[in-house]
Amino acid sequence: MQISEKILDANKKYVKVRRERRDDKPISSHAQKEILIFTCMDTRLVGLVEEAMGFKRGEVKVLKNAGNSIRDNCDDVIRSISLGTIMMGLKEVFVVGHKDCGMAKQSLEDIRNKMLERGVPKEAIDSIDLANWTGIIKDEKENVIQVVKKIKNSPFVPKDVKVHGFLIDPNSGELEVIINDNE
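Residues numbered from 1 in each chain as written. Predicted model: local features only at pLDDT ≥ 70, side-chain atom pairs only at ≥ 80, totals over all residues. Heavy atoms only, no water.

J.: Could you give an account of the overall build of the protein chain, naming the residues involved and the relevant values?
T.: Within the protein chain, the secondary structure is distributed over seven helices and five strands. Starting at the N terminus, the α and β elements of the protein chain follow one another as α-β-α-β-α-β-α-α-α-α-β-β. Based on the C-alpha atoms only, the size of the protein chain along its principal axes is roughly 55 × 55 × 35 Å. Considering the protein chain as a whole, with its 183 residues, one finds that 36% of them fall into the buried category. Considering only intrachain contacts with a sequence separation of at least 6, the fraction spanning at least 24 residues in the protein chain is 72%. In the form shown here, the protein chain has an accessible surface area of approximately 11700 Å², with 52% of it arising from carbon and sulfur atoms. (Helix = DSSP H or I, 4+ residues; strand = E, 2+ residues; numbered from the N terminus. Buried < 20%, exposed > 50% of the residue type's maximum accessible area, 1.4 Å probe, protein only. Contact = heavy atoms within 4.5 Å. Areas by Shrake-Rupley, 256 points an atom, 1.4 Å probe, with all protein chains shown as cover.)

J.: Which residues make up the side chain of Asn143, and what are the values?
T.: Mapped onto the secondary structure, Asn143 falls in helix α7 (residues 140-153). Residue Asn143 is classed as buried on the basis of its relative accessible area, which comes to 10%. At 3.2 Å, the side chain of Asn143 and the backbone oxygen of Asn68 are in polar contact. For Asn143, the contacting residues outside a window of four places in its chain are Gly67, Asn68, Ser69 and Ile137. (Polar contact = N/O pair within 3.5 Å; in protein donor to acceptor, adjacent residues only side chain to side chain.)

J.: Summarise the pairing of strand β4 (residues 162-168); cite the residues concerned and give the values.
T.: Among the seven residues of β4, six are classified as buried, and the element is accordingly described as predominantly covered. As paired strands, strand β3 (residues 92-98) and β4 are joined by seven bridges and run parallel to one another. When the bridges of β4 are listed, Gly97 appears paired with Leu167. Across four bridges, the pairing between β4 and strand β5 (residues 175-179) is antiparallel. Residue Ile168 lies in a different strand from β5, and its bridge partner there is Leu175. (Pairing = 2+ DSSP bridges.)

See the structure below:
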């Protein structure tokens, strides 16, 4: 059985159970708590971050990327946060970095070599600033601080939006407050 067949089979069982429990009722696509969480795409955080913060499905918006970083000249994160705050009324952003982040363990040389091994043309790699493009971080806590600053300083994010910074343990779910924008 191919992976896509396994996924579709699992999905049929999942949908059946949701329907039997009557969990398939529509919910709003807008965040019920007017909150956006920006975190890393690390698999250990799937479901953990929202639960550790006391949120349920549909209550908050979640935005993820590798290393929960905002790279120079890459506006997708700011664009998403801006549209969420302006069009959906989000009032708070929680930047949630995590301990033991893979983006703090990478080297440009390893990334470059793996890109070449996977068939990414050398010319394409050489045409970019690989350090900026990858978004490698040196320190998880410092990354959270820098990301909060970039969001707060963006002309596209309304100034009344609170931007907080947390660091989460990917095993226990324990949160450490790095920046509390309520103080």
